Amino acid sequence: MKPEMITKFEGIYVAMYSAYDEAGHVDSDRVKKLARSYVSTGIKGLYVGGSSGEGMLQNVQERKQVLEAVMEEIKGELTVIVHVGANATQESVELSRHAEQCGADVISAVPAIYYRLSEAAVEQHWQQMIDSTNLPFIIYNIPQTTGFNLSIGLFKKMASQEKVIGVKMSGESTFELQQFKAVGGEDFLVFNGPDEQFLAGRIMGADGGIGGTYGIMPELFCKLNEYYGQGQLDEARKLQYEINEVIKKLLGYPSLYGACKYILGIKGIKTGNPRAPLLPVTDGDHASLAELSKEIEALTAQYSKS
Ligand SMILES: CC(=O)N[C@H](C=O)[C@@H](O)[C@H](O)[C@H](O)CO
Ligand SMILES: CC(=O)C(=O)O
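As the structure is a prediction and not an experimental result, all values here were calculated from the model.

**Some thoughts on a nonpolar patch on the surface**
- Nonpolar side chains collect at one region of the surface, where Ile203, Met204 and Leu233 lie side by side and expose about 250 Å² of accessible area between them.
- Mapped onto the elements of the fold, Ile203 is located in helix 9 (residues 198-203).

**Regarding the UniProt feature "active site" (unreviewed entry) in the protein chain**
- The positions that UniProt labels "active site" (unreviewed entry) are, in the present scheme, Tyr140 and Lys168. Annotated residues spanning 29 residues; largest pairwise C-alpha distance 4.8 Å, indicating a single compact cluster. Looking only at the residues we just named, the largest pocket is lined by Tyr140 and Lys168.
- Its place among the elements puts Tyr140 in strand 5 (residues 137-141).
- Tyr140 gets classed as buried once you look at its relative accessible area, which sits at 3%.

**Side note on the site of ligand 2**
- For ligand 2, the full set of nearby residues is Ala15, Tyr47, Gly50, Ser51, Ser52, Tyr140, Lys168, Ile210 and Gly212.
- Between ligand 2 and the protein, one listed contact pairs an oxygen atom with a backbone N or O atom of Ser51 at 3.0 Å.
- The backbone of Ser52 places a nitrogen or oxygen atom 2.6 Å from an oxygen atom of ligand 2.
- Because more than half of its atoms lie within 2 Å of the grid, ligand 2 is assigned to the largest pocket.

**Some points on the sheet that holds strand 2 (residues 45-48)**
- Taking strand neighbours around the barrel as the criterion, the eight strands line up as 1-2-3-4-5-6-7-8 in a closed arrangement whose pairing is parallel. Between one strand axis and the next, the sheet turns through 25° on average, direction left out of account.
- When strand 6 (residues 164-169) meets strand 7 (residues 189-192), the two strands line up parallel, connected through four bridges. Bridge pairing in strand 7 places Lys168 opposite Phe191.

**Digging into the environment of Val60**
- Looking at where Val60 falls in the secondary structure, it is placed in helix 3 (residues 60-74).
- For the pair Val60 and Val164, spaced 104 residues apart in the sequence, the C-alpha separation amounts to 24 Å.

**Things to note about the packing of aromatic side chains**
- Taken as a whole and judged by the stated rule, the model has eleven aromatic pairs.
- For the pair Phe155 and Phe180, a centre-to-centre distance of 4.5 Å together with 40° between the ring planes defines the contact as tilted. Remark: Phe180 occurs in helix 8 (residues 174-184) and Phe155 occurs in helix 7 (residues 152-159); sequence separation between them is 25 residues.
- Residue Phe155 is classed as buried on the basis of its relative accessible area of 0%.
- Overall, the relative accessible area of 1% leaves Phe180 in the buried class.
- Three or more aromatic residues joined by ring pairs make a cluster, and in this case those are Phe155, Phe180 and Phe188.
- When the ring centre of Tyr47 is taken as reference, the NZ or CZ atom of Lys168 above it lies at 5.6 Å.

**Here we look at the UniProt feature "binding site: pyruvate" (unreviewed entry) in the protein chain**
- Following the UniProt record, the feature "binding site: pyruvate" (unreviewed entry) maps to Ile210 here.
- Locating Ile210 in the fold gives a position in strand 8 (residues 208-211).
- According to the relative accessible area criterion, Ile210 is buried, its value standing at 0%.
- Apart from the residues within four sequence positions on either side, Ile210 is in contact with Tyr13, Ala15, Tyr47, Ile81, Lys168, Phe191, Asn192, Gly193 and Asp195.

**Overview of the packing of helix 12 (residues 256-266) against helix 13 (residues 286-305)**
- Interaxial distance between helix 12 and helix 13 falls to 10 Å at its minimum, and their mutual angle equals 70°. On the basis of their axis angle, the class for helix 12 and helix 13 is roughly perpendicular. Crossing geometry of helix 12 relative to helix 13 is assigned as right-handed. For the pair helix 12 and helix 13, contact is made by Ala259, Tyr262, Ile263 and Ile266 and by His286, Leu289, Ala290, Leu292, Ser293 and Ile296, respectively.
- Taken together, the residues that form the contact of helix 12 with helix 13 break down as eight nonpolar, two polar and no charged.

**Details of the pattern of salt bridges**
- Using the criterion set out here, one finds 16 salt bridges in the structure.
- Glu10 serves as the salt-bridge partner of Lys2, at 3.0 Å between the closest nitrogen and oxygen.
- The residue Lys294 makes a salt bridge to Glu291 at a minimum N-O spacing of 3.9 Å. Of this pair, Lys294 and Glu291 both sit in helix 13, separated by three residues, roughly a single helical turn.
- The class of Glu291 is partly exposed, set by a relative accessible area of 45%.

Analysis parameters
- Residues numbered from 1 in each chain as written.
- Chains lettered and ligands numbered in written order.
- Predicted model: local features only at pLDDT ≥ 70, side-chain atom pairs only at ≥ 80, totals over all residues.
- Heavy atoms only, no water.
- Patch = residues over 30% accessible without salt bridge, like charges linked within 9 Å, V, L, I, M, F, W, Y side chains within 5 Å.
- Areas by Shrake-Rupley, 256 points an atom, 1.4 Å probe, with all protein chains shown as cover.
- Salt bridge = Lys/Arg side-chain N within 4 Å of Asp/Glu carboxyl O.
- Helix = DSSP H or I, 4+ residues; strand = E, 2+ residues; numbered from the N terminus.
- UniProt positions renumbered as here; feature names shortened; annotations may be inferred.
- 1 Å grid on protein atoms, 1.4 Å probe; cavity = no way out; pocket = protein on both sides within 12 Å on 5 of 7 lines; lining within 4 Å.
- Buried < 20%, exposed > 50% of the residue type's maximum accessible area, 1.4 Å probe, protein only.
- Near = heavy atom within 4 Å.
- Polar contact = N/O pair within 3.5 Å; in protein donor to acceptor, adjacent residues only side chain to side chain.
- Sits in = over half its atoms within 2 Å of the grid points.
- Pairing = 2+ DSSP bridges.
- Axes fitted to C-alpha atoms, helices over the stretch in contact; angles between N-to-C directions.
- Phe/Tyr/Trp six-rings, centres within 6.5 Å; stacked < 30°, edge-to-face > 60°.
- Lys NZ or Arg CZ within 6 Å of the ring centre and 35° of its normal.
- Contact = heavy atoms within 4.5 Å.
- Parallel < 35°, antiparallel > 145°, perpendicular 65-115°, else oblique.
- Left-handed = near helix turned anticlockwise from the far one by under 90°.
- Nonpolar A, V, L, I, M, F, W, Y, C, P; charged D, E, K, R; others polar.

Given below as structure tokens:
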């Protein structure tokens with residue numbers, strides 16, 4: 001039997017985009033509509049305010065507004081992990097307490113960015129968030145954007161605490177992912193970060209995934225996860241390859257988030273442009289994105305039958 005913590009949280013989490021109005025302000029109604037759109041897709045939950053959610057480009061008030069809208073709309077229907085990482089520990093602590101008050105399920109954070117921090121500094125940063133609430137905590141390890149490489153030593157120290165239930169591994173090494181699982185133990189959750197190698201991450205021990213591109217093709221990632229769960233590895237690999245053709249195209253636009261948000265718009269879910277300095281797509285990109293959106297729709301229809 002799987003350990004309780006795994007059963008409780010394993011699965012597919014959409015790293016949700018934030019929704020803005022045409023002037024670029026957080027738009028609660030749009031956030032709600034986006035959150036609602038995921039409820040019947042088969043996903044386990046949402047990861048709010050992370051990289052895809054642009055938490056790092058929002059002020060504390062805006063981050064709270066996004067989470068409040070999500071919770072008002074879907075509380076109890078999806079598991080909600082809130083990214084509370086910020087440059088200043090004080091802000092992260094405020095966001096952690098707010099997440100708890102709102103009824104979120106888990107908090108999570110990257111290390112503080114900009115300053116080159118020692119392990120002791122990052123440890124203290126995380127610890128203050130952890131100590132500020134009764135919520136469980138998931139480490140967000142994404143060295144390619146933060147510049148901070150989580151060592152096994154610090155990982156071990158963090159993971160030995162009861163409240164630290166998992167890690168979101170966005171680094172690309174599946175060897176390191178496996179080490180996190182090995183050191184964390186049976187009941188410690190590991191989430192795959194790179195969507196392009198979701199299957200590889202699962203095979204090496206991930207209990208699920210948290211990803212940005214899931215937001216425009218949640219059903220495909222649920223299906224991929226299901227194939228893996230049932231041991232249908234040939235089918236899983238084929239689907240991962242098809243997903244990767246989509247991701248490869250997405251990565252060719254001025255920004256990944258701009259492309260994904262534009263595709264959501266085609267599906268009738270308006271979320272505005274990504275925030276500067278992230279670039280929106282251009283008029284010249286619209287036709288190919290419409291094509292790509294159709295491709296995703298066709299794949300989703302195809303796999304919903306199999
Ligand atoms: C660097 C980054 O943002 N990684 C995300 C999460 O870990 C992924 O979900 C990517 O957005 C995705 O794999 C596309 O490359
Ligand atoms: C992509 C991802 O996992 C995030 O938005 O944090």
